[in-house]
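Below, each chain spelled out in residue letters.
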Amino acid sequence: MANYGMALDYKNCINCSACETACKEENGILMGADKHRIWVGVGEIEGQYPLLDITSNAFHPSQCQQCENAPCEEVCPTHATYYDDNGIVRVDPDKCILCSYCMNACPYDARYVDDRTMTVDKCNFCSDTRLARGETTTACQTTCPTKVRTFGDLDDPESEISILLRTREHYSLKTHLGTKPKLFYLT
Amino acid sequence: MSLREKINNIVPIRDDFSLKSLLSFEKTPLNVFMAILSVGLFLWMSYGVGVYLNHGHHAYNVTREHPWGLMIAMYVFFVVSSTGLCIISSFGHVFKIPGFAIIGKRAIMGAILTILAGFAVIAFEIGHPVTMVIYNVVSPGLTSAIWWMGTLYGIYLTFIILEFIFLARNDHRWSRLFGIGGLVVGIAAHSNLGSVFGFLVARPIANGVFYPIYFILSAMITGLYLLFLIYGFRYKLKFPPEIQEFLYKIGKLLALLLAILIFFEGWRFLTAVYGGMPERADVALHILTSAPFLYGELLLGMVIPFVIAFTSKGRATVALVFASITGMIGIFFMRYDLVNDSQLAPMMMLKKREYQLEPHWVDYFPSSIEIAISIGAIGLCIILYYVADKLFDLDYSQEDIHH
């Protein structure tokens, strides 16, 4: 069993949206503005010419943070949200009652309703598809042309992600909430 | 043994109850107005439920950023009413405070019917209510405030139904025991409902100790408003001496509890605004300048009833009955704001432009179907109360006064 996480070299992102497309294709995500597991946030250039703030013009790929201490898992009344053996936060649609508590509790806005099953869905690092087939990559990572994403086992000291996290400075989002995210932004 | 006798063996029903008696009532203008209003509201709710059954959550205006809407607020509104009636009625037959025992049956019946109306609303909000019943039992999420709230409310409903049955049978020993059980479990359930919001670490405006405590206080105030309305309607503002005495007492109690509530709210907002913490101070300032809070919660829900109760020392009963109407409207806004304000601050993590412009505040207004089911459920509640009033003798007996 692994302890999967993802490192994002986000400054390499060119906002081609290939990751979003690959995610939808691989996992059969419905179309629609609020039906997305992953996204790329776009910061526009701020300020007035010629005093433009070019640092504000950044791309921020993001998704479920796969928290080690996930608020969505804690608030689920029926254990529909659970940690699998790979440390991935997943949803069992059979148990989900669509009370939407997880959507409210998630600090990262990572959850949405799948209109086919009318249950709450989220990124599960391609657990139902690629990992289930025995692969050890995610669709978003494989397709990224600038290699923003590195997916791997945090417990394996020789994995690419472990080496990256040892050698590159990084930060995670909203760590003050105690969620212990497993998405790391490389600086 | 006829069916009537069998039912009578379990819980005594009125001798004059029949289908004919159910459909006949004194045709005063107020009664006719209430009948048309209740049936109209109920039909409106039925229409809403029909549309919901065809379209599911698409009939609602809830979104990814604002997953809880008016239906959750209305559920809270009803269960707050239920807990409030239960707490106030327990003053009499649990704590034996003189003068309160006479409301026992009517208040407990009110508590049963309001929570049933609440369950009716939440049944059309929870996406899979049948799955909920099954997996609540076979896969309990013990760290979930919703699990505790739902489970405890189930036990609470059982207790207060048994409490009513024993009250109706004049069995004051058992009714007191189930009354204590209902009170303890009811308070636990209700404060857990507060914690559903209080536990949200992602929402600084809701997170903390305030809601679980405030829910109990505001439940008692809701219970008092409803008792003024129920008894005002029952006696058409011409009260027998025992009831008048009781209403004087709860008038004073209302002034005290509203003063405490205003005090609580004052400190809640001072601590929220102080220091300017993001997602807390800005949201609090937004709430403080919003019409639902200023005119709904503050003016209708607190200030008007408080001024009347305080200046008359709780004795302006007729004015307080009317103030209870504004009070209940204010309580509705308290519930609506509670749900809406908790989700006001956008949490679109790093989504600065991709799918939509980042909103300053998350926008939500209920759909017509949400309004139909939520507000229509008040009609369901009044109809249930009308039937219960015809079916059971809810008035007090001399025995109630002595126990």
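For the structure given in this document, a descriptive report is provided here. These figures come from a predicted structure and were not determined experimentally.

Some details on the interface of chain B and chain A
Each partner contributes residues to the interface: chain B has 42 residues there, and chain A has 49 residues. A buried area of about 3,800 Å², summed over both sides, lies between chain B and chain A, and 57% of it is on carbon and sulfur atoms. Run the count over chain B and chain A and you get one salt bridge. A salt bridge links Asp109 of chain A to Arg64 of chain B, with the nearest nitrogen and oxygen atoms 3.7 Å apart. Summed over the shared surface of chain B and chain A, the result is 16 residue pairs in polar contact (both at pLDDT 80 or more). Where the side of chain B that touches chain A is concerned, the elements lending two or more residues are α6 (129–138), α7 (145–168) and α8 (172–198) of chain B. Ranked by residue count, the leading element in the side of chain B that touches chain A is α6 of chain B, at four residues.

Structural notes on the sheet that holds strand β8 (residues 149–153) of chain A
Residues and elements named next belong to chain A. Here we have four strands laid out as an open sheet, ordered β8-β1-β10-β9, and mixed in their pairing. Sheet topology places β8 and β9 (170–171) at the edges, where each strand pairs with a single neighbour. By the bridge criterion, five bridges tie strand β1 (residues 4–8) to β8 in an arrangement that is antiparallel. Bridging from a neighbouring strand, Leu8 pairs with Arg149 of β8. Relative to β8, helix α5 (residues 160–167) is tilted by about 110°, and along the sheet it contacts β1, β8, β9 and β10 (183–186).

Re unusual backbone geometry
Of note, the amide linkage connecting Tyr49 of chain A to Pro50 of chain A takes the cis form, showing an omega dihedral of 10°. On the secondary structure map, Pro50 of chain A appears in the loop between β2 (39–42) and β3 (59–62). Although it is not a glycine, Cys126 of chain A adopts a positive phi angle of roughly 55°. For Cys126 of chain A, a relative accessible area of 5% corresponds to the buried category. For Glu279 of chain B, which is not a glycine, the phi torsion comes out positive at approximately 65°. With respect to the helices and strands, the residue Glu279 of chain B is situated in the loop between α10 (241–273) and α11 (281–288). Residue classification places Glu279 of chain B among the partly exposed residues on the basis of a relative accessible area of 24%.

Thresholds, definitions, all that
- Residues numbered from 1 in each chain as written.
- Chains lettered and ligands numbered in written order.
- Predicted model: local features only at pLDDT ≥ 70, side-chain atom pairs only at ≥ 80, totals over all residues.
- Heavy atoms only, no water.
- Contact = heavy atoms within 4.5 Å.
- Buried area = accessible area lost by both parts, 1.4 Å probe.
- Salt bridge = Lys/Arg side-chain N within 4 Å of Asp/Glu carboxyl O.
- Polar contact = N/O pair within 3.5 Å; in protein donor to acceptor, adjacent residues only side chain to side chain.
- Helix = DSSP H or I, 4+ residues; strand = E, 2+ residues; numbered from the N terminus.
- Pairing = 2+ DSSP bridges.
- Axes fitted to C-alpha atoms, helices over the stretch in contact; angles between N-to-C directions.
- Buried < 20%, exposed > 50% of the residue type's maximum accessible area, 1.4 Å probe, protein only.

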